[in-house]
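Chain by chain, the residues run as shown.
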Amino acid sequence: MNIEKKEQLYEGKAKKVYRTDNPDLLIVDYKDDATAFNGLKKGTITGKGVINNRMSNLLMQLLAKAGIPTHYVEELSERETVVKKVDIVPLEVIIRNISAGSFAKRYGVEEGIVFDEPVIEFSYKNDDLGDPLINAYHARALKLATAEEIETIKKYAFMVNEELKKFWDECGVTLVDFKLEFGKTSDGSIVLADEISPDTCRLWDKKTGEKLDKDRFRRDLGGVEDAYSEVMKRLLEHI
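Everything quoted here is computed from the prediction, not taken from an experiment.

Student: It is not clear to me how empty space enclosed by the protein should be interpreted in this structure. Could you clarify?
Tutor: The gaps of empty space that remain are located by a probe, the size of a water molecule, rolled over the atoms. A complete count under the given rule lists one cavity of 30 Å³ or more for this structure. Considering only enclosed or pocket space, the largest cavity measures out at about 60 Å³ in volume. Lining the largest cavity, in full, are V28, Y30, S56, N57, M60, H71, Y72, T81, V83 and D194. Among the elements that make up the lining of the largest cavity, the one with the highest residue count is helix α1 (residues 48-65) (three residues). Taken together, the residues of the lining of the largest cavity break down into five nonpolar, four polar and one charged.

Next up, the structure:
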């Protein structure tokens, strides 16, 4: 793709975003920086940016084939990807298949309980407030999204879960839970945005239960780079 990278618009915890000579397209540059607990813990996971960029792009293409619209346009390099410019809906959408992390802590249950059906949670995407949990009524009251947009987001989120659960199962990996973000394109369409990676998904080895995701960084378990590499290896074998 013949596209010119312009000035940096934004730098987040894991990515930088650049304007391009096309007003409808942006370039995302994935970093090796790692954060946890709303930025309280910081570090570096060597090679993470390369893995997360490639993995997100491959999975976004897989999901697009299943009828889920995404912001993905084209991979430019190991760390850079062209995406559609979207206005991010300020809702973090969490789908949980098994109890883990904040769910287990919040409700006083052990990790590893397999739910009868997937659980969906919304949190208000606001670092200053600590991304508080909210429901659809709160989201509408705060004008974060319309009722129709929320229903579309829920529909796509559950579709993503079905596709990813099936795919990761083929890779010998259990999809425990994950976080999604959605955006609105210039015509108001809702599309899947942000990334899908070991940063945003809990992935456990199907046989051993070993954690193959960012929890290794959060919980000081060690072997973080190896876990990310292992997940990427399995993905490439099955994509």
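Student: Help me understand the layout of surface pockets, please; the structure alone is not making it clear to me.
Tutor: Considering only enclosed or pocket space, the second largest pocket measures out at about 200 Å³ in volume. N97, I98, V114, K165 and L175 are, among the 13 residues lining the second largest pocket, the residues nearest its centre. Split by residue class, the lining of the second largest pocket holds six nonpolar, two polar and five charged.

Student: Please clarify how the sheet that holds strand β3 (residues 25-30) should be interpreted in this entry.
Tutor: Working definition: the strands of a sheet are paired by backbone hydrogen bonds and lie parallel or antiparallel to each other. Read across the sheet, five strands follow the order β1-β2-β3-β7-β6 without closing on themselves; strand pairing throughout is antiparallel. Each edge of the open sheet is held by one strand with a lone partner, namely β1 (5-11) and β6 (72-75). The mean inter-strand angle of the sheet, taken between neighbouring strand axes irrespective of direction, is 30°. Sheet topology note: the strand β2 (residues 15-20)/β3 ladder contains five bridges and is antiparallel. From the neighbouring strand, Y18 faces β3, where its bridge partner is I27.

Student: Help me out: how do you make sense of the state of the cysteines in this one?
Tutor: Note on terminology: disulfide describes a covalent bond linking the sulfur atoms of two cysteines. Throughout the structure, instances matching the rule amount to zero disulfides. Cysteine C171 remains unbridged, with the sulfur of C201 as its closest cysteine sulfur at 12 Å. A relative accessible area of 5% means that C171 is categorised as buried.

Student: It is not clear to me how the side chain of N161 should be interpreted in this structure. Could you clarify?
Tutor: Structurally, N161 is set in helix α4 (residues 147-170). For N161, a relative accessible area of 0% corresponds to the buried category. Looking at N161, its side chain comes within polar contact range of the side chain of N97, at 2.9 Å.

Student: Sorry if this is basic, but what is going on with helix α6 (residues 224-238) here?
Tutor: Count 3.6 residues to each turn of an α-helix, and residues three or four apart come out pointing the same way. Under the 1.5 Å per step criterion, the end-to-end length of α6 is 22 Å for 15 residues, consistent within 8% with the ideal 21 Å. Summarising the contacts, the buried residues of α6 are in contact with α1, α4, β12 (173-184), β14 (201-205) and α5 (215-218).

Student: Even after reading the chapter, I still don't get the pattern of salt bridges, so can you show me in this structure?
Tutor: Oppositely charged side chains are able to pair whenever their charged atoms sit close together. Inspection of every chain in the model, using the stated rule, returns 32 salt bridges. As a salt-bridge pair, R54 and E75 come within 3.1 Å of each other at their nearest N and O atoms. A residue pair is termed long-range when its members are at least 10 positions apart, and R54 in helix α1 and E75 in strand β6 qualify at 21 residues. Take R54: its relative accessible area is 34%, and that puts it in the partly exposed class. Residues K211 and E111 are paired through a salt bridge, measuring 4.0 Å at the closest nitrogen-oxygen approach.

Student: It is not clear to me how the environment of Q8 should be interpreted in this structure. Could you clarify?
Tutor: Inspection of the secondary structure puts Q8 in strand β1. Taking the C-alpha atoms as reference, Q8 lies 9.7 Å from V28; in sequence the two are 20 residues apart. Contacts of Q8, omitting those with residues within four sequence positions, involve K16, V17 and Y18. At 3.5 Å, the side chain of Q8 forms a polar contact with the side chain of Y18.

Student: How should the pairing of strand β4 (residues 33-36) be read in this particular structure?
Tutor: Each regular strand shows side chains that alternate between the opposite faces of the sheet. Alignment of β4 against strand β5 (residues 41-44), held across four bridges, turns out to be antiparallel. Counterpart to A36 in the pairing with β5 is K41. In this structure, the hairpin formed by β4 and β5 is closed by a connection of four residues, where F37 is found at a positive phi of approximately 55°.

Procedures and definitions
Along each chain, residues carry numbers from 1 onward, in the same order as the chain's sequence is written. Local features in this predicted model are restricted to residues of pLDDT 70 or higher, and side-chain atom pairs are both shown and tallied only at a pLDDT of 80 or more, whereas totals for entire chains, interfaces and linings draw on every residue. Excluding hydrogens and water, the side-chain values take into account all heavy atoms of the structure. Put plainly, a pocket is an open set of points on a 1 Å grid over the protein atoms alone with protein on both sides within 12 Å along at least five of seven lines, a cavity is a set where a 1.4 Å probe fits but cannot get out, and a lining residue has an atom within 4 Å of a point. Grid points are joined across faces, edges and corners, and a volume is the space filled by probe spheres set on the points. Here a strand is any run of E in DSSP of at least two residues, a helix any run of H or I of at least four, and the numbering for each starts at the N terminus. Under the grouping applied here, Gly and all other residues not named as nonpolar or charged are polar, the nonpolar ones being Ala, Val, Leu, Ile, Met, Phe, Trp, Tyr, Cys and Pro and the charged ones Asp, Glu, Lys and Arg. Strands qualify as paired when DSSP identifies two bridges or more between them. Fitted lines through C-alpha atoms give the axes, limited to the stretch in contact for helices. The angle between two N-to-C directions lies from 0 to 180 degrees. Here, the term disulfide refers to a pair of cysteine sulfur atoms separated by no more than 2.5 Å. Burial here depends on accessible area, computed with a 1.4 Å probe over protein chains only, as a share of the maximum for the residue type. Under 20% is buried, over 50% is exposed, and the range in between is partly exposed. Here a polar contact means two N or O atoms within 3.5 Å. Within protein one must be a hydrogen donor candidate and the other an acceptor candidate, and residues neighboring in sequence count only if both atoms are side-chain atoms. A helix is expected to reach a length of 1.5 Å times the quantity of its residues less one. Here a residue-residue contact requires only that any non-hydrogen atoms of the pair lie within 4.5 Å. Throughout this description, the term salt bridge denotes a Lys or Arg side-chain nitrogen within 4 Å of a carboxyl oxygen of Asp or Glu.

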